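One letter stands for each residue in the lines below.
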Amino acid sequence: MEHLPPTNYEIAQVCLLAGKIMLENGGETYRVEDTMTHVAQGFGVPNSHSFVTPTGIIFSIDGPEQTTRLIRISARSTDLHKVTVVNAISRRISKGELTPREAYRLLTEIDAANTSFPTWIKILSAALASGCFLIMFQGMWRDFLPAFFSGGAGLAFLGYFHRLVPIKFFAEFLASLFIGILAFLFVHVGFGHDLDTIIIGSVMPLVPGLLITNAVRDLMAGHFVSGVSKGAEAFLTAFAIGAGIAFVLSFYNGEGMV
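Numbers given to residues run from 1 along each chain, matching the order in which its sequence is written. With the structure being a predicted model, the display of local features is reserved for residues of pLDDT at least 70 and the display and counting of side-chain atom pairs for 80 or more, all residues being used for whole-chain, interface and lining totals. Excluding hydrogens and water, the side-chain figures rest on all heavy atoms present in the structure.

A.B. asks: What's the story with the overall build of the chain in this structure? I'm lost.
C.D. replies: Along its length, the chain carries 10 helices and 3 strands. For the chain, the α and β elements follow one another from N to C terminus as α-α-β-β-β-α-α-α-α-α-α-α-α. In terms of its C-alpha atoms, the chain occupies a principal-axis envelope of roughly 80 × 35 × 30 Å. When a residue's accessible area, from a 1.4 Å probe over protein chains only, is under 20% of the maximum for its type it is buried; when over 50% it is exposed; and in between it is partly exposed. Evaluated residue by residue, the chain yields a buried proportion of 43% over its 258 residues. Strands here are runs of E lasting at least two residues and helices are runs of H or I lasting at least four, both read from the DSSP assignment and numbered beginning at the N terminus.

A.B. asks: How do you make sense of the UniProt feature "transmembrane region" (unreviewed entry) in the chain when you look at a structure like this?
C.D. replies: Within this numbering scheme, the UniProt entry marks residues 120–138, 144–161, 173–191, 197–213 and 234–252 as carrying the feature "transmembrane region" (unreviewed entry). Note that residues 120–138 is 89% helix and 0% strand, and that its end C-alpha atoms are spaced 28 Å apart. For residues 144–161, the end-to-end C-alpha separation is 25 Å, with 100% helix and 0% strand making up the annotated structure. UniProt positions are given in the numbering used here, feature names are shortened, and annotations may be inferred rather than shown by experiment.

A.B. asks: Even after reading the chapter, I still don't get the packing of aromatic side chains, so can you show me in this structure?
C.D. replies: Ring pairs (aromatic) are described by centroid distance and by the angle formed between their planes. Aromatic pairing here means that ring centres of Phe, Tyr or Trp (its six-membered ring) are within 6.5 Å. Orientation follows from the plane angle: under 30 degrees is stacked, over 60 is edge-to-face, and everything else is tilted. Applying the stated rule across the entire model yields 13 aromatic pairs. Three or more aromatic residues link up through ring pairs in this structure, and these residues are Trp141, Phe144, Phe148, Phe149, Phe186 and Phe191.

A.B. asks: Looking at this model, I keep getting lost on unusual backbone geometry. Mind explaining?
C.D. replies: Apart from glycine, the bulk of residues carry a negative phi angle, and the bulk of peptide bonds sit in the trans form. The phi angle at Gln138 is positive, at roughly 65°, despite the residue not being glycine. Residue position: Gln138 is located in the loop between helix H5 (119–136) and helix H6 (144–164).

A.B. asks: Where do I start with the environment of Tyr160 in this structure?
C.D. replies: Mapped onto the elements of the fold, Tyr160 is located in helix H6. When the C-alpha atoms of Tyr160 and Val14 are compared, they prove to be 35 Å apart, with 146 residues separating the residues in sequence.

A.B. asks: In this structure, what is going on with the pattern of salt bridges? I would like to understand it.
C.D. replies: Two side chains bearing opposite charge may form a pair once their charged atoms approach each other closely. Any carboxyl oxygen of Asp or Glu within 4 Å of a side-chain nitrogen of Lys or Arg constitutes a salt bridge here. Under the counting rule described, the total for this entry stands at 11 salt bridges. As a salt-bridge pair, Glu24 and Lys20 come within 3.3 Å of each other at their nearest N and O atoms. Of this pair, Glu24 and Lys20 both sit in helix H1 (residues 8–24), separated by 4 residues, roughly a single helical turn. Under the relative-accessibility criterion, Lys20 is labelled buried at 16%. Here Glu233 and Lys168 are joined by a salt bridge, their closest N and O atoms 3.1 Å apart. One end of the pair, Glu233, is in helix H10 (residues 224–249); the other, Lys168, is in helix H7 (residues 168–188), with 65 residues separating them in the sequence. Relative accessible area serves as the criterion here: at 37%, Lys168 is assigned to the partly exposed category.

Structural data, given as structure tokens:
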């Protein structure tokens, strides 16, 4: 029994799913477009076009059976393992090792898989990173534990506030506000000593480092819409963190609350 050649619709489905997974998990815009183009070429479609923004993907295939598809991106996080796996599948497609149906099945499994670390590992990692950032910013070792607890609690409350208030800006503002209050309490009871370095180390896990990096890389690659929008999102996150900390410091006079 002969296998029917893949249709443009099936190829577009594979390309869109690959792009969706990469974009939702921290992939740069230019990398998403490049991967979709290589996948289409691996299936024998030399003329394909894609337009990727942080909130949507438009993909089109030229030819007698012209196909244009749009997919909406509503949630974004960071899971570079999924990005790496999609790149590996793209390379297998380019080598002719996968059919569109096989590739779509593998991508569907990746999209549905929960490859993120457990919450307690994320909190512990944030706590350790906060303490290390405090030392890196020339803080004292006696403030390592206050930064450890403040940073871990801040990330834990960020997740809680995000479920409570499904608006990223307010969740980040409340989390940074909580970090500032907790750091002040540690200093007030004598558990901590330098409020500034404790706060700096504790908020570092909330800083949108990957988002800023992707924004700069997209701008350098000529993707100005994506670069500017990601930069604006990073700015809002930084503003929310700064506003929360500034609100606490506005009541602090160096010795205690005013």
